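Below are the chains, spelled out letter by letter.
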Amino acid sequence: MSITTPSAETLRGACAVHLPGDPGYDAARTPWNVSVDQRPAAVAVPRTVDEVVALVRAATAAGLRVAPQSTGHGAAALGTHDLTDVVLVRLHELTGVTVDAGARTARVVGGTLWADVVAAAAPHGLTALHGSAPDVAVAGYVLSGGLSFYGRREGLASGTLTAAEVVTADGRLVRADENENADLLWALRGGGGNLGVVVAIELELLPIADVVGGMLLWDRERAPEVLRAWAAWTRAVPESVTTSLRVMSFPPLPELPPFLSGRQLVVIDGAVLEDDDRAAELLAPLRALQPEMDTFGRVPAAAMLEVHMDPPAPTPAVGDHAMLGSLPDEAVDALLAEVGPGTSSPLMFAELRHLGGAFARPTRRGGAMSHVVGEYALLCVAVAPFPEAATAGKAAAAAVLTALAPWSLPTVALTFAEKRVDTSAGFDPEDWARLAHLRESWDPQRTLVANHRV
Ligand SMILES: Cc1cc2nc3c(=O)[nH]c(=O)nc-3n(C[C@H](O)[C@H](O)[C@H](O)COP(=O)(O)OP(=O)(O)OC[C@H]3O[C@@H](n4cnc5c(N)ncnc54)[C@H](O)[C@@H]3O)c2cc1C
């Protein structure tokens, strides 16, 4: 009896497929985080839902597993998995968004970016719980929680997921909503790419047309007083305020604006969901520190995709994340010892995102990940265009995490987890147990390969 070797060649009829050795393979396998060297058995680029169905069926028939990927912003953890028997399903050709203004919902096709959803919602005076970057995909973000600048008032973005259309591991197209496959919908609210290839999702939108948002910027020399002031301020502000503080370092580059090029900075940015007078009152303690730049003001909600100054194009990056339970002055000092004035850290930034508030409470609809446990999410990122820079960046990020370990929690926010982590740390134990059970029933052969595995 002969044993047939599984072959990715059989995928070619399903959709556009790039195999190792094909001229398009290297370009097709390169994720947004271009430092990640993912080498799957094949890269598939479906253009229709039927092609996704055909591809998943062909992959399983060939004995291959399937890893959905929309942009590759979250590729770092996926890249640490063995992908030699995995078809990477890149969804950037499967996009589109339809807004139902009356129902305040959006139907978002598989690989669509936040920029497109926010632009489609804005003319109706609506927006969504998007993150800081316009070119992150809705699916990867919402399916793993999603930390928005509206989140301390509104909770995790996964709580706005009302329905999904999913190609499951057995190659069926199913709908999950409150009436049909409600268990799958529950699992998708946090379960990431472990349940199927999501070809469309439906989201609740928010009636927010404009918002007080922006940034405050100081030279890094001011970091000690600014960090202490922000830490104290975050302990007092209402849930209408969600901000981030970053200690940042930019190389001298002609393409950067002069206020960034070659500089070390402290930047606070975010949103204040209040009227102008109340927002000004809330921001006053930070403005009293006389920032060199202050862009806070009322802006159209769509402008919130720009305030964080995320890289506008694919970037090679390494990073690490921890959750902090508190940020006393001793923790601020520990952070400053790594990235404050006089240090020469290779990190592009060390960020603290203020969480708590509604982030920490189960969302109205529930779900596998209905909240995150922690007051601040720490994220350290270094640009890593070559291996030595990656090594130095990882070491610097690890040093910050070690310095802040006394205030760290055993939990994680999975969208911020750049490295492979214990995925269960993103969930309450009972929710994790139910999610693991649902993964087993929807994907008994473990066909799906997500960046953070259930
Ligand atoms: C510059 C930058 C800014 C960011 N800002 C924020 C922020 O403000 N808040 C925040 O919470 N996070 C933020 N993130 C993290 C980001 O939300 C995660 O990396 C997220 O997973 C990216 O989703 P993606 O689909 O674009 O990436 P991908 O790498 O394509 O996807 C990540 C994972 O999601 C799953 N997935 C993606 N698409 C599908 C699909 N169609 N079907 C099934 N599974 C799918 C897969 O398991 C995949 O491995 C940021 C990241 C970067 C690089």
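Residues numbered from 1 in each chain as written. Predicted model: local features only at pLDDT ≥ 70, side-chain atom pairs only at ≥ 80, totals over all residues. Heavy atoms only, no water.

K.L.:
Explain the sheet that holds strand β4 (residues 86–90) here, please?
P.N.:
Strand pairing within a sheet occurs via backbone hydrogen bonds; the two strands may be parallel or antiparallel. Spatially, the four strands line up as an open sheet ordered β1-β2-β4-β3, and their pairing is mixed. Edge positions in the sheet fall to β1 (16–18) and β3 (65–69), since each has one partner strand and no second. Across the sheet, the axes of successive neighbouring strands diverge by a mean angle of 25°, strand direction being ignored. In terms of strand pairing, β1 meets strand β2 (residues 42–45) through three bridges, oriented antiparallel. When the sheet's bridge partners are listed, H18 is paired in β2 with V43. Where helix α2 (residues 49–61) meets the sheet, it contacts β2, β3 and β4, and its direction lies at approximately 175° from that of β4. (Pairing = 2+ DSSP bridges. Helix = DSSP H or I, 4+ residues; strand = E, 2+ residues; numbered from the N terminus. Axes fitted to C-alpha atoms, helices over the stretch in contact; angles between N-to-C directions. Contact = heavy atoms within 4.5 Å.)

K.L.:
It is not clear to me how the side chain of D320 should be interpreted in this structure. Could you clarify?
P.N.:
Note on placement: D320 falls in strand β15 (residues 317–324). Separated by 3.1 Å, the side chains of D320 and K419 make a polar contact. With residues up to four places along the chain from it excluded, the contact list for D320 reads L378, L379, C380, A397, L401, E418 and K419. (Polar contact = N/O pair within 3.5 Å; in protein donor to acceptor, adjacent residues only side chain to side chain.)

K.L.:
Would you mind showing me how to read the domain arrangement of the chain here?
P.N.:
How big an interface is tends to be expressed through the accessible area that disappears when the partners come together. We note that the domain assignment places domain 1 (10–90), domain 2 (97–207 + 427–442) and domain 3 (210–424) within the chain. For domain 2 versus domain 3, the distance between C-alpha centres works out to 24 Å. When the two sides are added together, the surface that domain 2 and domain 3 hide from each other amounts to roughly 3,500 Å², 61% of it contributed by carbon and sulfur. Three residues, L147, F149 and R152, lead the burial of domain 2 against domain 3; their summed loss comes to 31% of the area buried on that side. Between E204 and R364 there is a salt bridge; the shortest N-O distance is 3.2 Å. Where domain 2 touches domain 3, the interface holds 24 residue pairs in polar contact (both at pLDDT 80 or more). Counting residues per element, the ones that place at least two in the side of domain 2 that touches domain 3 are α4 (114–121), α5 (138–142), α6 (151–154), β7 (161–167), α7 (182–188) and α12 (429–442). If one sorts the elements of the side of domain 2 that touches domain 3 by residue count, α6 sits on top with four residues. Its residues assigned to classes, the side of domain 2 that touches domain 3 comprises 17 nonpolar, 16 polar and nine charged. (Domains from an automatic or database assignment. Buried area = accessible area lost by both parts, 1.4 Å probe. Salt bridge = Lys/Arg side-chain N within 4 Å of Asp/Glu carboxyl O. Nonpolar A, V, L, I, M, F, W, Y, C, P; charged D, E, K, R; others polar.)

K.L.:
Looking at this structure, how should I read helix α11 (residues 387–403)?
P.N.:
For an α-helix the count is 3.6 residues per turn, leaving residues at separations of three or four pointing the same way. Over its 17 residues, α11 extends 24 Å from the first C-alpha to the last, a length consistent with the 24 Å expected when each residue adds 1.5 Å. The complete set of buried residues in α11 reads A389, A390, G393, A396, A397, V400 and L401. Along the axis of α11, the buried positions cluster into a sector of 140°, meaning they face one direction only. Turned more than 90 degrees away from the buried face of α11 sit P387, E388, T391, K394 and T402, all of them exposed. Packed against the buried residues of α11 are β15, α10 (329–339) and β17 (376–383). (Expected span 1.5 Å × (residues − 1). Buried < 20%, exposed > 50% of the residue type's maximum accessible area, 1.4 Å probe, protein only. Arc of directions from axis to C-beta.)

K.L.:
Would you mind going over the site of the ligand with me for this structure?
P.N.:
In the vicinity of the ligand lie 32 residues, with S70, T71, S132, L147 and T415 positioned nearest. Contact between the ligand and H73: an oxygen atom at 3.3 Å from a main-chain N or O atom of the residue. For the ligand, an oxygen atom lies 3.3 Å from a polar atom in the backbone of G193. Calculation on the ligand without its partners gives an accessible area of 950 Å², and the protein chains cover 95% of this total. Broken down by secondary-structure element, the contributors of at least two residues to the shell around the ligand are β3, α5 and β9 (197–204). No other element matches α5, which puts three residues into the shell around the ligand. (Near = heavy atom within 4 Å. Areas by Shrake-Rupley, 256 points an atom, 1.4 Å probe, with all protein chains shown as cover.)

K.L.:
Got a minute to help me understand the pairing of β17 in this structure?
P.N.:
Remember that side chains alternate between the two faces of the sheet whenever the strand is regular. The buried fraction of β17 is high, at seven of eight residues. Here β15 runs beside β17; their pairing, made up of eight bridges, is antiparallel. Opposite L324, over in β17, you have Y376 as the bridge partner.

K.L.:
What is the right way to read the sheet that holds strand β8 (residues 173–176) from this model?
P.N.:
Pairing within the open sheet is antiparallel, and its five strands lie in the order β5-β6-β9-β7-β8. Looking along the sheet, the strands with just one partner apiece sit at the ends: β5 (97–100) and β8. Mean inter-strand twist for the sheet, computed between neighbouring axes without regard to direction, equals 10°. Contacts from α2 reach β7, β8 and β9 within the one sheet, and its direction differs from that of β9 by about 135°.

K.L.:
Before we go on, may I ask you to explain α4 in this structure?
P.N.:
Turning to α4, its buried residues number three or more, namely W114, V117, V118 and A121. All buried residues of α4 lie within an arc of 95° about the axis, which places them on one face of the element. Structurally, α4 contributes buried residues whose contacts are with β5, β6 (105–109), α5 and β9.

K.L.:
Could you clarify how one ought to interpret unusual backbone geometry in this entry?
P.N.:
Most peptide bonds take the trans form, and the phi angle of most residues other than glycine is negative. Phi angles above zero are rare outside glycine, and R104 is one such case at about 55°. Take R104: it is sitting in the loop between β5 and β6. In this structure, M309 takes a positive phi of about 55° despite not being glycine.

K.L.:
For this particular structure, what's the right way to read the pattern of salt bridges?
P.N.:
Two side chains bearing opposite charge may form a pair once their charged atoms approach each other closely. Scanning the model with the defined rule gives 31 salt bridges in all. Close ionic contact of D22 with R12 constitutes a salt bridge, the shortest N to O distance being 2.9 Å. Here R12 lies in the segment before β1 and D22 lies in the loop between β1 and α1 (25–29), a separation of 10 residues in the sequence. Each of R107, E165, R175, D177 and E202 takes part in salt bridges that share partners, so that together they form one network.

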